[in-house]
Amino acid sequence: SSTAHKTDDGDLVVGGVPVADLVAEHNTPAYVLDEEDFRARARAFRDAFGGWDVYYAGKAFLCTAVARWIAEEGLCLDVCSAGELEVALRAGFDPARIGYHGNNKSVAELRRAVAEGVGRIIVDSVQEIERLEMITADLPAGSTAKARVMVRVTAGVEAHTHEYIATAHEDQKFGFSITSGDAFEAVRRLEAAPGIELLGLHSHIGSQIFDSSGFEVAARRVLALHARVSEELGVTMRELDLGGGFGIAYTTQDDPSDPAQLATEMGKIVEHECRALGLEEPRLSIEPGRAIVGPAVCTVYTVGTVKPVTLDAGAVRTYVSVDGGMSDNIRTALYDADYSCTLAGRASGAAPVLARVVGMHCEAGDIVVRDEFLPGDVAPGDLLAVPGTGAYCRSMASNYNHALRPPVIAVRDGAARVIVRRETVDDLLATDVG
Ligand code: LLP
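Definitions and limits used
- Residues numbered from 1 in each chain as written.
- Predicted model: local features only at pLDDT ≥ 70, side-chain atom pairs only at ≥ 80, totals over all residues.
- UniProt positions renumbered as here; feature names shortened; annotations may be inferred.
- Helix = DSSP H or I, 4+ residues; strand = E, 2+ residues; numbered from the N terminus.
- Buried ≥ 20, exposed ≤ 12 C-beta atoms within 10 Å, placed from the backbone.
- Contact = placed C-beta atoms within 7 Å.
- Pairing = 2+ DSSP bridges.

By the naming in an unreviewed UniProt entry, the protein chain is Diaminopimelate decarboxylase, taken from Nocardioides silvaticus. Of the protein chain, the UniProt comment under Subunit (unreviewed entry) reads exactly: "Homodimer." The record held by UniProt for the protein chain lists under Catalytic activity (unreviewed entry) the comment "meso-2,6-diaminopimelate + H(+) = L-lysine + CO2".

### Some remarks on the UniProt feature "binding site: substrate" (unreviewed entry) in the protein chain
Here, UniProt's "binding site: substrate" (unreviewed entry) annotation points to Arg290, Arg331, Tyr335, Glu363 and Tyr392. Considering the C-alpha atoms alone, the annotated residues occupy 103 residues of sequence and remain spread out, their largest mutual distance being 27.1 Å. With respect to the helices, strands and loops of the structure, glutamate 363 is situated in the loop between β17 (352-358) and β18 (367-375). Judged by C-beta crowding, with 13 C-beta atoms within 10 Å, glutamate 363 ranks as partly exposed. Assignment of secondary structure puts tyrosine 392 in the loop between β19 (383-387) and β20 (408-412). On the basis of neighbour counts, which here come to 24 C-beta atoms within 10 Å, the residue tyrosine 392 falls in the buried class. If sequence neighbours within four positions are ignored, tyrosine 392 has contacts with Ala60, Arg290 and Arg331.

### Quick look at the sheet that holds strand β3 (residues 17-18)
A sheet is described by the order of its strands in space; here three strands give the open sequence β1-β2-β3, paired in antiparallel fashion. Each having just a single partner strand, β1 (5-6) and β3 make up the two edges of the open sheet. Here β1 pairs with strand β2 (residues 12-14) via two bridges, running antiparallel. Bridge pairing in β2 links histidine 5 to valine 13.

### Overview of unusual backbone geometry
Along the chain, threonine 28 connects to proline 29 via a cis peptide bond; the corresponding omega equals -10°. Inspection of the secondary structure assignment puts proline 29 in the loop between α1 (19-26) and β4 (30-34). Here the phi dihedral of aspartate 336 falls at roughly 60°; this positive angle occurs in a residue that is not glycine. Among the secondary structure elements, aspartate 336 is positioned in the loop between α11 (331-335) and β16 (342-343). What makes aspartate 336 exposed here is the crowd of 10 C-beta atoms within 10 Å. Positive phi outside glycine occurs at aspartate 413, with the angle close to 50°. Structurally, the position occupied by aspartate 413 is in the loop between β20 and β21 (415-420). Classification of aspartate 413 as exposed rests on a count of 10 C-beta atoms within 10 Å.

This is how it looks when you write it as structure tokens:
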């Protein structure tokens, strides 16, 4: 993260706090969240995308403190489940500034969203339209409450990312297809529903994307539908959301997304398409998650065992086991994601060895960092920090092998504050009722 640096003694300092001090007080594993870095990234998107609304995608990581920071920095919030909605509402987040996603929202969940006055519900299926028609028909006479919705469309784009995190090609579960005409029919039906206010279209093409041509193709296809709706139905939709997915650097090989450059590129694309189609520009929004929180967190582990293993070719790989693993970061095992790591508590002049950082779980695929060069004297008790773990690590954490999920510790201006505490064995057993 941007405030992280190492002292001459090899101490990693984040937000003005030496990681070794954090560990002395809070133990490991722990997620260390650089609050100022998080806020700066949120602000960078908000400022770069001036007239647009920026919805922080809470699925990347959400807790009460983060919901408040997002509100303070002037961003809106994207939630994609009843649980995330609950966190946001309890944190006092303005419901009118929340977008609610999901491909399988229940009647009860939708009813709550409408009752709370959620700013936009992103509709994903015909059943959901039926549910909203029913819910709004049930509203008490004279009620001015409405379901404000956007239609999630699949733009038919193959974003160049891992298959499980690409979401705009046709053969997957999200959205209404533009090509098949389903999206147009959804718009027609929503427009005709008295209790429903249709705001516009929503497209999200995938995650960890570096190439803006995917956004370009998606914007073109979505705006063509927008124009068709206006021509054939006489309906002018006021809004358009182009989703999130902006890539971050996990290792030195990747280039991080630059909000200013993205804003310029995406702005040009929309302006160009709108002009070509003779459309007035809708109110635009995006939903970055990873690009805001990803780089702002590092996970700190303690080394437990070190085992040199001789490979077929005679080379040696040093397996460094830490006190966490796939329960706090499933991304390496699930997506073959690349992370790096660094010794955090001391300096070492030892010659580097090829290391693989693995977890404590009962599974060979439990890898945190596939390949890294670590000082050859790495030993039990050393601290390792893995940067870039803010997005989809704590939010995808599990209790596999009855692991206790680590705390999230916010650091800023030399002070640390636990914003999500470490789970206890009692937390873990509270649901095990015999
Ligand atoms: N908007 C929608 C509708 C989404 O589905 C997503 C992510 C986002 C915004 C935010 O995307 P971001 O800017 O964070 O890339 N677990 C996977 C990523 C799943 C992304 C799901 N949707 C991973 O760890 O890479």
